[in-house]
Amino acid sequence: MAVGIFDSGLGGLTVLNAAQKRLPDVNFLYYGDNARAPYGVRDAEDVYQLTKAAVESMWDKGCDLVILACNTASAAALRRMQEGGLPKGKRVLGVFVPLIEALTERQWGDNSPPREVAVQHVALFATPATVASRAFQRELAFRAIGVDVEAQSCGGVVDAIEDGDLILAEALVRSHVDALMRKMPHPEAAILGCTHYPLMEEIFQTALGPQVKVFSQGTLVADSLADYLQRHPDMYGAGEGGYFTTGDPSRVSDRATQFLRREITFQAA
Ligand code: DGL
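The rules behind these values
Residues numbered from 1 in each chain as written. Predicted model: local features only at pLDDT ≥ 70, side-chain atom pairs only at ≥ 80, totals over all residues. Heavy atoms only, no water. Pairing = 2+ DSSP bridges. Helix = DSSP H or I, 4+ residues; strand = E, 2+ residues; numbered from the N terminus. Axes fitted to C-alpha atoms, helices over the stretch in contact; angles between N-to-C directions. Expected span 1.5 Å × (residues − 1). Bend = angle between axes of the 7 residues up to and from the residue. Buried < 20%, exposed > 50% of the residue type's maximum accessible area, 1.4 Å probe, protein only. Arc of directions from axis to C-beta. Contact = heavy atoms within 4.5 Å. Near = heavy atom within 4 Å. Polar contact = N/O pair within 3.5 Å; in protein donor to acceptor, adjacent residues only side chain to side chain. Areas by Shrake-Rupley, 256 points an atom, 1.4 Å probe, with all protein chains shown as cover. Nonpolar A, V, L, I, M, F, W, Y, C, P; charged D, E, K, R; others polar.

**Things to note about the sheet that holds strand S10 (residues 213-215)**
For step 1, the next point in the chain: The 4 strands lie next to each other as S8-S6-S9-S10, forming an open sheet whose pairing is parallel. The open sheet has two free edges, formed respectively by strand S8 (148-153) and S10, since each of these has just one partner strand. Taking the axes of each pair of neighbouring strands and ignoring which way they run, one obtains an average angle of 20° across the sheet.
For step 2, the next point in the chain: Relative to S10, strand S9 (residues 189-192) is paired through 3 bridges, and the arrangement is parallel. Considered in S10, the bridge of Ile191 is made with Phe215.

Structure follows, in structure tokens:
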């Protein structure tokens, strides 16, 4: 059995890590399209085609359920894939909804009408493609009213992380937080709307200040996955799992090992 976790590159490892801790008996198949990362500077059609091809390859490897642990892919491809019809017995889920349910203090699947919530000023940090899609604001509007969202498109951060240049990534995060705070000086909450950014979470928190509650997706998505698998015990899939990349397996393994602080070995997808 293996549940699929997909990202354009290394960011989905932040979701995988939390999912492995939350569900130690489940095998996971991780697929990073590192050769084509970053997705966040591509147009929606391109992201859709790349995501669809990767997910189909994960189905071929035995996954029945694939989590798009990538906000950019969730924004550009999830709804289109679901509406286009999935093969029998296959499912794809994204990463926005668990995050927005946490922000709006909703239980899983609470579809009651939008209402006022505790937070009113929310900073969203995401890739250029996710910001342009406005998918986060759309999902939020289904659940909450009166929330002011200021989005900051964080160019360069994913490239720096993929290249292992954490000094550059830190400098870029600080400058994106400064830019956001010029537009919204007192956010109450900040959303790390790209799965690469939790690798920089301390830098975001320090730059934002301790009064800002930072939401990132790892544990939220892991909890929601645990809940989903309990309700759908037929979705564990087949196959062994493992770590697959379209990039250079030895380079990607080194970076992953550095980020997760444990040995991770990728193989060619
Ligand atoms: N980790 C991905 C996300 O959550 C994206 C990045 C990218 O490839 O630009 O959006």
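**Examining helix H3 (residues 71-84)**
For step 1, the next point in the chain: With 14 residues, H3 extends 19 Å between its outermost C-alpha atoms, agreeing within 8% with the 20 Å of an ideal straight helix rising 1.5 Å per residue.
For step 2, the next point in the chain: Where H3 bends most, at Ala77, the angle is about 45°.
For step 3, the next point in the chain: Backbone geometry just after H3 places Gly85 at a positive phi near 90°.

**Things to note about helix H9 (residues 201-208)**
For step 1, the next point in the chain: All buried positions along H9 are accounted for by Ile203, Phe204 and Leu208. Taken around the axis of H9, the buried residues stretch over an arc of 120°, which confines them to a single face. Exposed residues lying more than 90 degrees from the buried face of H9 are Glu202 and Thr206.
For step 2, the next point in the chain: Buried residues along H9 sit against strand S6 (121-126), helix H8 (166-183), S9 and S10.
For step 3, the next point in the chain: Two residues or fewer after H9 comes Gly209, characterised by a positive phi angle close to 100°.

**Some remarks on the site of the ligand**
For step 1, the next point in the chain: Around the ligand, the structure places 13 residues, and the nearest of them are Ser8, Tyr39, Gly40, Asn71 and Thr72.
For step 2, the next point in the chain: In the model, an oxygen atom of the ligand is placed 2.7 Å from a nitrogen or oxygen of the Gly40 main chain.
For step 3, the next point in the chain: Within the contact set of the ligand, an oxygen atom lies 2.8 Å away from a backbone nitrogen or oxygen of Asn71.
For step 4, the next point in the chain: Burial of the ligand by the protein chains amounts to 99% of its free accessible area of 290 Å².
For step 5, the next point in the chain: Considered class by class, the residues forming the shell around the ligand number 5 nonpolar, 7 polar and 1 charged.

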